[in-house]
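Here are the chains, one letter per residue:
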2 protein chains.
Amino acid sequence: MKLISSAIIVFLLAGFAAAQRNFDQPSPYSAQLTAELKLLRDGALKSDYAWDQLAHLTNNIGPRPAGSLQANFAAQYVADEMRKLGFEVKLEKVVVPHWVRGEETGALVQFPGMAPGTTQKIALTALGGSVATPGQGATAEVVVVNNFDELNALSPDKVTGKIVLFNARFDKQLAATGHGGPAYGQAVIYRAIGASAAAKQGAIAALVRSVGGADYRLPHTGGMFYQPDVPKIPAAAVSAEDADLIAYLARQGSVRMRLVLTPQQLADVDSYNVVADLKGSELPDQVVIVSGHLDSWDLGTGAIDDGAGVAVAMQAAHLVKELGLHPRRTIRVIAWMNEEFGNSGGRAYAAAHKEEAGKHFAAIESDLGAGHPLGIHMAAPAANMPLLQPVAQILQASGAGLLQTSEDAETDIGPMCAMGVPCFGPIQDDRFYFNYHHTAADTLDKVVPRELQENAAVMAVLAYALASLPKDLERPTAKPARAF
Amino acid sequence: MKLISSAIIVFLLAGFAAAQRNFDQPSPYSAQLTAELKLLRDGALKSDYAWDQLAHLTNNIGPRPAGSLQANFAAQYVADEMRKLGFEVKLEKVVVPHWVRGEETGALVQFPGMAPGTTQKIALTALGGSVATPGQGATAEVVVVNNFDELNALSPDKVTGKIVLFNARFDKQLAATGHGGPAYGQAVIYRAIGASAAAKQGAIAALVRSVGGADYRLPHTGGMFYQPDVPKIPAAAVSAEDADLIAYLARQGSVRMRLVLTPQQLADVDSYNVVADLKGSELPDQVVIVSGHLDSWDLGTGAIDDGAGVAVAMQAAHLVKELGLHPRRTIRVIAWMNEEFGNSGGRAYAAAHKEEAGKHFAAIESDLGAGHPLGIHMAAPAANMPLLQPVAQILQASGAGLLQTSEDAETDIGPMCAMGVPCFGPIQDDRFYFNYHHTAADTLDKVVPRELQENAAVMAVLAYALASLPKDLERPTAKPARAF
């Protein structure tokens, strides 16, 4: 596909010249680099490549949980696509856990005011990593708590042998004001470690109110982690509606529930990070990573989490080749494996490339969906801002001109960031992201084509700019990566 | 609960007097009637009674499909509640079908670009009344059509032995502009009669894109009807996302699907319309019905469809008693049974009360959820407008002052309307109704407490006004009731 006509190039160069005249300080970028970045931006905003790749990953391949046939097939697919572009491709081995969802049903079998002889179905889904319920399932009274303090305040006889429901609400108002991440952060702790907390008190199973903003009877799955010294009890997420129902009934009297979960933890599986290089023309040893994660949860088809991230990283590669550009440093597209289940891909890469950490000039990952990007966040010293301001200026044309520092990097690049690599990602509109996150409804239609193009523009422009910067970035000091 | 203080009554009467001075024509209503209507309105806007009843029906009793234990238990519950208020209660027998949902799964087993050895899960739910798939399920190629014309244009060999997907889209834009009903009407025909249309062409199963606006991987069930002279084939609704997925893949090549549905059509069951009378003080033979339907679909707990309608009808009864009012005509609360599955309740009532049709002064039903009511629609001659204008004026205080004529009455009262009874219902904001309609997500939280109060105000004021009007309404000419 020919993206850019000569007439447009002339127009862009003219626009650049006009912009130059409006600023007192000369840009730290050459006129050629600036023109190339604008070509990348405008190419991304017109191209269907990222969308077509995302459609293939989600519709043709489908859910890609770590350890699945689909995940490894997707890795081969991305590798092939990168080879088609002329990139040097390696599949770097990652050993991943292989947890497989089974039957999962819940029913209230006793509750106040019930019609005799009836039950009420509870919409739920096992949390990733949960053990199975024993035999014919677990049937017990449900104890509802809103937080760990309420759980810990209960005497052990109130919890022993019971099912604990953590009814911590996802703060929809906070998410609606553009703080989906903090809203998620507040609530996800119960999903992550609630089961062990409940088991310590003698509970036989743990339920968590779904961590997300949807109100469509949709349970949100996600990873959970057992404390080594505590009995492993089965754990599931119930939909927000079902949490409300159980809490309502439990205020009136005893509520008993039957829970059946039959997931299996199978043997670990060999899987792969796809690592695809376009060698730099001047500094081929210096690497700029542009990436997303290829694995998804099993319920949906992983469009927003994180097929979109992979697709926009692929688009950055595609456009650089399409436009015949030659980055000074190596651009390395990575499709990470197993972000969702312990970040083994990110950790394996960091371990394998530890000695080359200093050669990693920067790493970019997109892993917050494909909402309209407002700009770029940077887990690196603020002193880098002036050097990156021209990138922000170029991206402002599609409303992505913010440049902010952040505490954390995205999960997969977190270990590299912890080794002192400057890390970057798009700042995205995440107001709707947590409505779909980790649910069956994470499907292609949740991505707005134009917004995917805008994200691709951020990734392509930023990756190429970093790969072409005239001088070094200041690097962050090492710190521990995020636990999950 | 004491609803209205004396001070407020004085204030309301003063307000009425002030309003009187602002109009040239004297109100056709006495000062007392007007004051009473305002008391009802303000009482409804403050009371929790409707909410508490709705919470009990949905949370404590749960889904109430016709023929279920819950449906009949709910009828007994409403009867008891009406008796508590001092109403004369009859349970009028309705024979209802008893269709029970079974296992329901769908999986794409062959499709372009698939990872070898994998399948993709399809989110679907059997349509009400569907037969089961044979033996181990049906596996066949899926043929996607957008409408009946496309189906009929296919040569029989393209359809014979296949599964037909009717991919007619629910018009979300139309619904978003406040025309949910028309959007529903356009699409629901495929759900209702698609299976027989496909079977005529030799299909072995029919799928319909869910009729509704949600994008949360949520299938919408609903009634379907077999043509007597055509083989009965199983029928299910797939979520909008799954319809998109299948259509996308089918454009690329052959898509084969395995469909398992095991619903059962059991023997008919005796059930009941709950008919509760507060006898009129002057014209006890003349009846004003105020109603909603008690049965729901089985997936959700029937909050918007139509627990809310029953709750606001009960609230009308509750407030009239609470305020010690004495309607001239009999107010008859009806909780209808089996609107969803052939309207046997509405038809049974019309058959049983055929001789008294002339004594039915009016009938009101609420069956479009509990969105903010904008006013009242009337399936009766426009000549009645002036007589009802004071009602609209009183309801304008909560934004419900519209008065419009309509072609149709709500389903349960349709047969009475067809016998010449003036029929009424609230005009509701239905922009969100069809997102949840007939899904697992039709639960209590979808009702906004304040909006339920506003709907109760419309029902209570309108019912009492009709029961107290100083003169007769002009009656509609008989016409056939809606088929479904």
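Only a predicted model underlies this, so the values are computations on that prediction, with no experimental measurement involved.

**So, the pairing of strand β15 (residues 402–405) of chain A**
Residue and element names in this part refer to chain A.
Item 1. Bridge analysis of strand β14 (residues 373–379) against β15 gives four bridges, and the strand direction is parallel. Within the sheet, the bridge partner assigned to Met378 lies in β15 and is Thr405.
Item 2. In the classification by handedness, the crossover that spans β14, the intervening helix α11 (residues 385–395) and the parallel β15 is right-handed.

**Thoughts on the environment of A:Pro263**
All names here are of chain A.
Item 1. Relative to the assigned elements, Pro263 resides in the loop between β9 (256–261) and β10 (264–278).
Item 2. Since 22 C-beta atoms lie within 10 Å of it, Pro263 is described here as buried.
Item 3. With 29 residues separating them in the primary sequence, Pro263 and Pro234 have C-alpha atoms 9.4 Å apart.
Item 4. In this structure, Pro263 is in contact with Trp99, Val100, Arg101, Gly102, Ala126, Ser130 and Ala132, ignoring residues within four places of it in sequence.

**Some points on the relation of the copies chain A and chain B**
Item 1. In the superposition of chain A on chain B (RMSD 0.0 Å, axial shift 0.0 Å), the rotation amounts to 180°. Both copies are brought into coincidence by an operation consistent with a two-fold rotation axis. Relative to the rotation axis, the C-alpha of A:Tyr216 is the closest in chain A, positioned 3.2 Å from it.
Item 2. Most of the interface of chain A is mirrored in chain B, where 100% of its interface residues are also at the interface.

**Re the interface of chain A and chain B**
Item 1. In this assembly, 31 residues from chain A lie in contact with 31 residues from chain B.
Item 2. Broken down by secondary-structure element, the contributors of at least two residues to the side of chain A that touches chain B are α3 (49–61), α4 (69–84) and α8 (240–252) of chain A.
Item 3. Looking at the side of chain A that touches chain B residue by residue, the classes come out as 16 nonpolar, ten polar and five charged.

**Looking at the domain arrangement of chain A**
Residues and elements named next belong to chain A.
Item 1. By the assigned domains, chain A splits into domain 1 (6–97 + 269–468) and domain 2 (102–262).
Item 2. Domain 1 and domain 2 are separated by 36 Å when their C-alpha centres are compared.
Item 3. Listed per partner, the contact involves 16 residues of domain 1 and 18 residues of domain 2.
Item 4. Partitioned by chemical class, the residues of the side of domain 1 that touches domain 2 number eight nonpolar, four polar and four charged.

**Quick look at the sheet that holds strand β16 (residues 423–428) of chain B**
Residue and element names in this part refer to chain B.
Item 1. One open sheet accounts for eight strands, arranged β1-β10-β12-β11-β13-β16-β14-β15; its pairing is mixed. The sheet is open, and its two edges are formed by β1 (88–100) and β15 (402–405), each paired on a single side. For this sheet, the mean inter-axis angle between neighbouring strands, taken without regard to orientation, is 25°.
Item 2. In this sheet, β16 lies alongside strand β13 (residues 360–365) in parallel orientation, the contact comprising two bridges. Its bridge partner lying in β16, Ala363 is registered against Cys423.
Item 3. With respect to the sheet, helix α10 (residues 344–352) is in contact with β1, β10 (264–278) and β12 (329–336), its orientation differing from that of β1 by roughly 135°.

Procedures and definitions
- Residues numbered from 1 in each chain as written.
- Chains lettered and ligands numbered in written order.
- Predicted model: local features only at pLDDT ≥ 70, side-chain atom pairs only at ≥ 80, totals over all residues.
- Pairing = 2+ DSSP bridges.
- Helix = DSSP H or I, 4+ residues; strand = E, 2+ residues; numbered from the N terminus.
- Right-handed = clockwise from strand over helix to strand, strands pointing away.
- Buried ≥ 20, exposed ≤ 12 C-beta atoms within 10 Å, placed from the backbone.
- Contact = placed C-beta atoms within 7 Å.
- Least-squares fit on C-alpha atoms with pLDDT ≥ 70 in both.
- Nonpolar A, V, L, I, M, F, W, Y, C, P; charged D, E, K, R; others polar.
- Domains from an automatic or database assignment.
- Axes fitted to C-alpha atoms, helices over the stretch in contact; angles between N-to-C directions.

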